[in-house]
Amino acid sequence: MTVDSSAARKPRRSAAGKAGTTGTKRTTVKKSTEPELVQLLTPEGERVEDARYAEYAEYVAGITPEELRGLYRDMVLTRRFDAEATALQRQGELGLWASLLGQEAAQIGSGRATRDDDYVFPTYREHGVAWCRGVDPTNLLGMFRGVNNGGWDPNSNNFHLYTIVIGSQALHATGYAMGVAKDGADSAVIAYFGDGASSQGDVAEAFTFSAVYNAPVVFFCQNNQWAISEPTEKQTRVPLYQRAQGYGFPGVRVDGNDVLACLAVTKWALERARGGEGPTLVEAYTYRMGAHTTSDDPTRYRGDEERLAWEAKDPILRLRRYLEAANHADEGFFAELEAESEALGKRVREVVRAMPDPDTFAIFENVYADGHALVDEERAQFAAYQASFADVEGA
Ligand SMILES: Cc1ncc(C[n+]2csc(CCOP(=O)(O)OP(=O)(O)O)c2C)c(N)n1
Ligand SMILES: [Mg+2]
């Protein structure tokens, strides 16, 4: 459902948590306040024909069976890569891993909506978007192994380095988008962040600046229901997409487990940005099926019921059901993809294990353009510390 910023709003009488009540005992006025999901593919794999979503659906109206198989392949390979990375962390090859399990459709749909000349600002979980941008998945692992600070050149793929400071990339994206507009380019910028990040001041500032400067940026919020152990109810009293209205730009909630809807809505939002219509907030309503990271144990704060309910909405399964029902893919396709997944897993394992350790003193390089007394002092202290270990070993 789109929130049109120009639409008149009825003042709310009740407390924020009771939005949509009339003040009488019965809850009414549901139509205008109840969040709706833009959905083009049901969990059962059926195409949705709904006039309310026609504006978005036209962006995928001409999608070919080959393109649909491509989306399926992207999601399967991303999930396989992600599972491999989780296993590598358990084997001690990575220090940490942030799994995207469950969020494949949100990431592949939105990632495939971008053009090469668009610029993407990710969090630390955007492995599917990285895949769409052509970043080799093995390059994502260096930071999680602790051997580099990134692992790819952001300018090669217009894909910024992973950002761990929650929400900060929303401001980077906004500034970049303001620059794009000043250059007169017709490309767009997309910033990814989570439901938890929506509470950050940086995100609020990014919304304000982008609105006032009409910056060509799409804010793509993956509401995966959790910010580590905090549920979305602790972040907001209104559906997140409705926040856009207060800033003066549209917000839309899309079924984040529906790759077609994510592709369509993101294309629509990017086109608005390119056409000089300013920012859009897309809330992809999805679920983090795994742990926050490999350091987290979700069984301590959520039950199985919730996970099982979301497993029934699995993004990969629903596209498979559709492909099979529409006769768009045969056994040969699925078998070939399975073999490709195996090969990817093998390559990821081999590349990670062969990653060289960085030079111990590399951390002191590039802190300043020229030398600096404080850095020199710290380097000397560290050298002495290292030497103390060498003494013990030699003893
Ligand atoms: C500024 C800042 N505060 C706190 C943290 C610690 N932290 C790391 S991830 C996270 C939760 C983020 O949740 P959300 O935005 O929903 O993204 P998700 O991890 O669910 O993808 C927090 C609080 C951080 N990295 N940066
Ligand atoms: Mg979250």
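If you're wondering where the values come from, they're calculated on a predicted model, not measured in any experiment. Starting afresh in each chain, residues are numbered from 1 along the sequence in its written order. Key to labels: chains lettered from A, ligands numbered from 1, both in the order written. With pLDDT at 70 or above as the cut-off, local features in this predicted model cover only qualifying residues; side-chain atom pairs require 80 or more to be listed or tallied, and sums for whole chains, interfaces and linings still use all residues.

1. Considering the site of ligand 1
Point 1. Each residue receives a C-beta atom built from its backbone; the residue is near a molecule or strand if that atom lies within 6 Å of it. For ligand 1, the set of nearby residues contains 16 residues, the closest of which are Ile166, Gly194, Gly196, Ala197 and Ala227.
Point 2. Secondary structure elements with two or more residues in the shell around ligand 1: strand S3 (189-194) and strand S5 (226-227).
Point 3. Each residue belonging to the shell around ligand 1 can be placed in one class, and the counts come to eight nonpolar, five polar and three charged. Strands are runs of DSSP state E lasting at least 2 residues, helices are runs of H or I lasting at least 4, and numbering of each runs from the N terminus. Here the nonpolar group is Ala, Val, Leu, Ile, Met, Phe, Trp, Tyr, Cys and Pro; Asp, Glu, Lys and Arg are the charged ones; every other residue, Gly included, is treated as polar.

2. A closer look at the nonpolar core
Point 1. In terms of nonpolar packing, the biggest core is built from 89 residues, with Val189, Ala191, Val218, Ala261, Ala264, Val265 and Val282 touching the most fellow members.
Point 2. Element by element, the count of residues in this core is highest for helix H11 (residues 259-274), at 11 residues. Joining buried Ala, Val, Leu, Ile, Met, Phe, Trp, Tyr and Cys residues through C-beta atoms within 7 Å gives a set, and that set is a nonpolar core. Neighbour counting defines burial: a residue surrounded by 20 or more other C-beta atoms within 10 Å of its own C-beta is buried, one with 12 or fewer is exposed, and intermediate counts give partly exposed, using backbone-placed C-beta atoms.

3. Some thoughts on unusual backbone geometry
Trans peptide bonds make up the majority, and among non-glycine residues the majority have a negative phi.
Point 1. In this structure, Asn158 is a non-glycine residue whose phi angle is positive, near 50 degrees.
Point 2. By the element assignment, Asn158 lies in the loop between helix H7 (154-157) and helix H8 (168-183).
Point 3. Although it is not a glycine, Asn366 adopts a positive phi angle of roughly 65 degrees.
Point 4. With respect to the secondary-structure elements, Asn366 resides in the loop between helix H14 (331-353) and helix H15 (373-394).
Point 5. Given 8 C-beta atoms within a 10 Å radius, Asn366 is considered exposed.

4. A short note on helix H13 (residues 315-325)
Point 1. Every buried residue of H13 is listed here: Pro315, Arg318, Leu319, Tyr322 and Leu323. Looking down the long axis of H13, one finds its buried residues gathered within 135 degrees of arc, a one-sided arrangement.
Point 2. Contacts made by the buried residues of H13 are with helix H3 (65-90), helix H4 (104-113) and H11.
Point 3. Of the residues one or two after H13, Asn327 is the one with positive phi, at around 60 degrees. In this description, the arc belongs to the directions extending from the helix axis to the C-beta atoms. Think of it this way: build a C-beta for each residue from its backbone, and any pair within 7 Å is a contact.

5. Considering the pairing of S3
Point 1. Across the six residues that make up S3, a large majority, six, are buried.
Point 2. The side-chain alternation of S3 yields two buried faces, one formed by Val189, Ala191 and Phe193 and the other by Ile190, Tyr192 and Gly194.
Point 3. At least two bridges found by DSSP between two strands is the condition for calling them paired. Where strand S2 (residues 119-121) meets S3, three bridges bridge the pair, whose relative direction is parallel. Looking at the pairing, Val120 lines up with Ile190 of S3.
Point 4. The pairing of S3 with strand S4 (residues 217-223) spans six bridges and is classified as parallel. Note that in S4 the partner of Ala191 across the bridge is Phe219.
Point 5. A crossover connection joins S3 to the parallel S4 through helix H9 (residues 201-212); in handedness this β-α-β unit is right-handed. The crossover handedness rule: strands pointing away from the viewer, path from first strand over the helix to second strand clockwise, crossover right-handed.

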